[in-house]
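# Breakdown of the fold
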Amino acid sequence: MGVTTARRTARRPLNATAKPHELTWRAKLRRDWPLLVMNLPMLLLVLAFWWIPALGNVIAFQDYNPYTDGIAGSPIIGFTNFALLFQDPQFLRAIANTLSITAFQLVFYFPVPIMLALLLNSIVSAKLRAFVQGVVYMPFFFSWVLVIAIFQQMFGGAGLLAQILRERGHEGVDWMTNSDTFILLITSQTVWKDAGWGAIIFLAALSTIDPNLYEAAAVDGARRWRRMWHITLPGLRPVIVLLLILRLGDALNVGFEQFMLQRSAVGSEASEVFDTFVYWSGLRTGDLGYGAAAGLFKGLVGLLLIVAANRVAHAFGERGVYSRS
């Protein structure tokens, strides 16, 4: 009797008052098939260029030789490559440098696009706002080669700053080869290049805040700082939490080109990060299994950080990257 009733319920046509959790998968398919078809090309691209190549991570568990054995013929060695990673002092130094740079940039770079978006949003003149936006967005389109060349001309041993100091009787400085201040150098380069572009997301979030809230607060006597604290920042909080979670998930990815271009100037002790380690230990030496193990470790750490940060966001009442329906 119960089975017959369930079957009749499944065949029953949907009505306008049906709740989403009562829909069967067939009904959801009939409802959402245009969206699925629209997303099909992107799903195929992800399958072809992400999931299928990701199967190659199996070489991290092999004594991989691409020239004679290939993936099919290379012997399985289990977690040997991972054990060798944690015995490699260069790998441990790359992890320490990467995490320290990430932590430093979370404190001194992550808030900069937020403050820049607030500043741009407060400019009354539309023409002046457009001009300032164009100026701060432009460095994003420069390559890292050009960015580092500009910084070399400004802060290098023969740069503009050193020449001005020498003309005034002081000793010149060369910040481009100082390993002690390298973390400050790369953070300033990242701020100059990417902060303007990063502000776009926060400007978009600011545009969704109801202007009536500001008018009502102004009528109640709230000044600009009070309106920013009680209206603007709460409106930005979901976006800030989302980007912070994504940044934590990308903690081991601080860039490759920026560090490779400056490695010879400051030395590997200061500039060796995770991406450069994978390049030198895997691609340059030909030990692809060892490099794949390092890359797989990086991906797993990023996944764990995203999951942990998302749980913290849920604990504070935010949606985060994903949430259960």
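Residues numbered from 1 in each chain as written. Predicted model: local features only at pLDDT ≥ 70, side-chain atom pairs only at ≥ 80, totals over all residues. Heavy atoms only, no water.

### Considerations on the layout of surface pockets
Keep this limit in mind: Only protein atoms enter the calculation, which uses a 1 Å grid: trapped sets of points that fit a 1.4 Å probe without letting it out are cavities, open sets showing protein on both sides within 12 Å along at least five of seven lines are pockets, and any residue with an atom within 4 Å of a point is a lining residue. Grid points are joined across faces, edges and corners, and a volume is the space filled by probe spheres set on the points. Only DSSP runs of H or I covering at least 4 residues are called helices, and only runs of E covering at least 2 are called strands; the numbering of each starts at the N terminus. Residues are sorted three ways: Asp, Glu, Lys and Arg are charged, Ala, Val, Leu, Ile, Met, Phe, Trp, Tyr, Cys and Pro are nonpolar, and all the rest, Gly among them, are polar.
Roughly 750 Å³ of internal volume is contained in the largest pocket. In terms of lining residues, the largest pocket is bounded by 22 residues, among which Trp50, Asn57, Gly295, Leu296 and Gly299 are the most central. Put simply, the parts of the chain that give the lining of the largest pocket at least two residues each are α2 (25-54), α16 (274-283) and α17 (288-315). At nine residues, the largest contribution of residues to the lining of the largest pocket is made by α17. A class-by-class count of the residues in the lining of the largest pocket yields 15 nonpolar, five polar and two charged.

### As for the UniProt feature "transmembrane region" (unreviewed entry) in the protein chain
To keep it simple, the criterion reads: UniProt positions are given in the numbering used here, feature names are shortened, and annotations may be inferred rather than shown by experiment.
In the UniProt entry, the feature "transmembrane region" (unreviewed entry) is given for residues 33-52, 98-120, 140-162, 231-249 and 288-309. Split by type, residues 98-120 is 91% helix and 0% strand. Its first and last C-alpha atoms lie 32 Å apart.

### Points about the nonpolar core
The test is simple: To qualify as a nonpolar core, a set must consist of buried Ala, Val, Leu, Ile, Met, Phe, Trp, Tyr and Cys residues joined through side-chain atoms within 4.5 Å. When a residue's accessible area, from a 1.4 Å probe over protein chains only, is under 20% of the maximum for its type it is buried; when over 50% it is exposed; and in between it is partly exposed. Here, two residues are considered to be in contact whenever any of their heavy atoms come within 4.5 Å of each other.
The biggest cluster of nonpolar side chains holds 20 residues, and the ones touching the most others in it are Ile114, Ala117, Phe202, Leu203, Leu206, Leu236 and Ile240. Of all the secondary-structure elements, those providing two or more residues to this core are α6 (111-121), α10 (182-207) and α12 (224-249). When neighbours within four sequence positions are excluded, leucine 203 is seen to be in contact with Ala117, Leu120, Asn121, Gln133 and Tyr137. Counting residues in each nonpolar core, the second largest holds 16 residues, with Ile59, Tyr64, Ala292 and Leu296 among its members.

### Side note on the UniProt feature "domain: ABC transmembrane type-1" (unreviewed entry) in the protein chain
If you check UniProt for "domain: ABC transmembrane type-1" (unreviewed entry), the listed places come out as residues 95-309 in our numbering. Across residues 95-309, helical content stands at 75% and strand content at 0%; the span's end C-alpha atoms are separated by 20 Å.

### As for the packing of helix α11 (residues 211-219) against α12
Condition: For helices, the axis comes from a line fit to the C-alpha atoms of the stretch in contact; other axes are also lines fit to C-alpha atoms, and the angle between any two N-to-C directions lies between 0 and 180 degrees. Any angle that is under 35 degrees is reported as roughly parallel, and any over 145 degrees as roughly antiparallel; angles of 65 to 115 degrees are reported as roughly perpendicular and all others as oblique. By convention the crossing between two helices is left-handed if the near helix lies anticlockwise of the far one by an angle smaller than a right angle, and right-handed if it lies clockwise.
Closest axis-to-axis distance for the α11/α12 pair is 11 Å, and the angle between their directions is 150 degrees. It follows from the interaxial angle that α11 and α12 lie roughly antiparallel. Our pair here, α11 against α12, has a crossing hand that is right-handed. Contact with α11, carried on its side by Leu213, Tyr214, Ala217 and Ala218, involves Arg227, Ile231 and Thr232 of α12 and no other residues of that element. In terms of residue class, the contact of α11 with α12 is built from five nonpolar, one polar and one charged.

### Description of a nonpolar patch on the surface
What counts, and what does not: Patches here are clusters of residues that have more than 30% relative accessible area and form no salt bridge, with a 9 Å joining cutoff for like charges and a 5 Å cutoff for nonpolar side chains (Val, Leu, Ile, Met, Phe, Trp, Tyr). Under the convention used here, a 1.4 Å probe and the Shrake-Rupley method define accessible areas, while residue burial counts only the protein chains that appear. The rule for a salt bridge is simple: a side-chain nitrogen of Lys or Arg has to be within 4 Å of a carboxyl oxygen of Asp or Glu.
Residues Leu40, Met42, Leu43, Leu44, Leu45, Val46, Leu47, Phe49, Trp50, Trp51, Ile52 and Leu55 make up a contiguous nonpolar surface patch of about 1300 Å² in total accessible area. With respect to the helices, strands and loops of the structure, tryptophan 50 is situated in helix α2. Note on tryptophan 50: relative accessible area 56%, which makes it exposed.

### A few points about the packing of α6 against α10
Relative orientation of the contacting elements α6 and α10 amounts to 60 degrees, with a least axis distance of 7 Å. With respect to each other, α6 and α10 are oriented oblique. Between α6 and α10 lies a crossing whose hand is right-handed. Counting all contacts with α6, which are made through Val112, Pro113, Ile114, Leu116, Ala117, Leu118, Leu120 and Asn121, the residues of α10 involved are Val191, Ala195, Gly196, Gly198, Ala199, Phe202, Leu203 and Leu206. For the contact of α6 with α10, the class distribution of residues is 13 nonpolar, three polar and no charged.

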